[in-house]
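# Structure at a glance
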Amino acid sequence: ITLPYAELVTFLICVYFFVVFRSQILEKQVLSVVKAVEDQLDDEIAALDKLDEDDLEVLRERRLQQMKKMAEKRRRWISLGHGEYTEIHAEKEFFSVVKASDRVVCHFYRENWPCKVMDKHLAELAKQHIETRFVKIQAEKSPFLADKLKIVVLPTLALIKKAKVDDYVVGFDQLGGTDDFTTDVLEERLAKAQVIFYEGESSMPKSTNQTKRSVRQSETHDSSDSE
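As recorded in an unreviewed UniProt entry, the protein chain goes by the name Thioredoxin domain-containing protein, listed as coming from Linum tenue.

## Thoughts on the nonpolar core
Counting residues in each nonpolar core, the largest one holds 23 residues, and the members touching the most others are F94, C106, F108, I151 and I160. Going through the elements one at a time, α3 (91-100), β2 (103-109), β3 (133-138), α5 (143-148), β4 (153-154), β5 (156-161) and β6 (164-170) are the ones with two or more residues in this core. When neighbours within four sequence positions are excluded, F94 is seen to be in contact with I88, C106, F108, L145, L149 and I160.

## A word on helix α6 (residues 183-192)
Among the 10 residues of α6, seven are classified as buried, and the element is accordingly described as predominantly covered. Along α6, the positions that sit buried rather than exposed are T183, L186, E187, E188, R189, L190 and A191. Two residues or fewer past α6, Q194 is found with a positive phi of approximately 60 degrees.

## Re the confidence of the model for the protein chain
Considering every residue of the protein chain, the mean pLDDT works out to 83; 85% of them sit at 70 or more. Across residues 201-223, where pLDDT falls below 50, the model places 42 contacts with residues more than four positions away in sequence or in other chains.

## Some points on the sheet that holds β2
Strand order in the open sheet formed by five strands is β1-β3-β2-β5-β6, and the pairing between neighbours is mixed. Because the sheet does not close on itself, it has two edges, and the strands there are β1 (85-88) and β6. On average, adjacent strands in this sheet sit at an angle of 25 degrees to one another, irrespective of strand direction. Summarising the sheet, β1 and β3 pair through four bridges and their orientation is parallel. When the bridges of β3 are listed, Y85 appears paired with F134.

## Regarding the pattern of salt bridges
One pass over the structure, following the stated rule, counts eight salt bridges. In this structure, D119 and K136 form a salt bridge, with 3.3 Å as the shortest nitrogen-oxygen distance. Of this pair, D119 sits in helix α4 (residues 113-128) while K136 sits in strand β3, and the two are 17 residues apart along the sequence. For the pair shown, D119 and K136 are each scored as buried. Notably, a salt bridge pairs D167 with R189, separated by 2.9 Å at the nearest N-O pair. Of this pair, D167 sits in strand β6 while R189 sits in helix α6, placing them 22 residues apart in sequence. Taking relative accessible area as the criterion, R189 reaches 1% and is therefore assigned buried.

## A short note on unusual backbone geometry
The omega torsion across L154 and P155 is 5 degrees, close enough to zero to call that bond cis. Relative to the assigned elements, P155 resides in the loop between β4 and β5. One non-glycine residue, K162, lies in positive phi territory at about 55 degrees. A relative accessible area of 61% means that K162 is categorised as exposed.

## What to know about the environment of V153
Among the secondary structure elements, V153 is positioned in strand β4. Note on V153: relative accessible area 1%, which makes it buried.

Cut-offs and rules
Residues numbered from 1 in each chain as written. Predicted model: local features only at pLDDT ≥ 70, side-chain atom pairs only at ≥ 80, totals over all residues. Heavy atoms only, no water. Core = buried A, V, L, I, M, F, W, Y, C linked by side-chain atoms within 4.5 Å. Buried < 20%, exposed > 50% of the residue type's maximum accessible area, 1.4 Å probe, protein only. Helix = DSSP H or I, 4+ residues; strand = E, 2+ residues; numbered from the N terminus. Contact = heavy atoms within 4.5 Å. pLDDT = per-residue confidence, 0-100. Pairing = 2+ DSSP bridges. Axes fitted to C-alpha atoms, helices over the stretch in contact; angles between N-to-C directions. Salt bridge = Lys/Arg side-chain N within 4 Å of Asp/Glu carboxyl O.

Set out below in C-alpha cells:
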C-alpha cells in the first residue's frame, strides 16, 4: 500500500516526535537513578563527616576484634587438619574428626576411577574452604561405619554438621551424571547443603527431598560402584 505524500510526511513526523519523546523519558529515568545514587553517597559521606575521633576509634576496635576472631578461627581450623584433604585410617578416628570440626565432608571410597575423580575435586576444595574438614575413608575397611551410614554406592560423600550426617552426595547423579563434572558443580552442591561457606549463587535446581535421603536411591548408577 502506497501512502499519499502528505500522509507519509505526517507519519514520519509522528515517528520522529515519538522517538524524541521516548528518548526524553529514558533520559529522565537515567537521571533519576543517577540522582538517587548521588543522594545515597551524599548521605553516607555526611554520616562519615559526623563521626568524631571516638566513633572512629570504636569502629577500628570493632574491626580489629573481628580480624582477631577470624585469625583465631583459622589457626584452630589448621590445627585440626583443615586446608588439606587427608585420609582416615581407622573407624574410631572418624568419630574424633566429626566431633572436633563443625563441618566435615567425608568421602567413602574404594580404589576405582570414579573415586579418584572425586578425590581430585575434594583436594582442590579442601584448599579453598578452610572452614570445612575434608577427609576420606576406605569403605571396605570400615564395615561398621559403612553399615551404620548405609553406604552402598561408591563414591559417597557424607556431609556432616555438628557431628551428625545431614546429607549425602551419592555417585555422580547430582553432579551431572558423568565423571567430567567441574569442581564448581561439586562446590555448589556442598554449598547447597551448607557444609561450606560460598558467596556465589547456586545454579542447581532446588530439591525438597534431597536432604537426609537414603543412599540406596542411587544404587544402580553407571558412573559409580557398589560395594
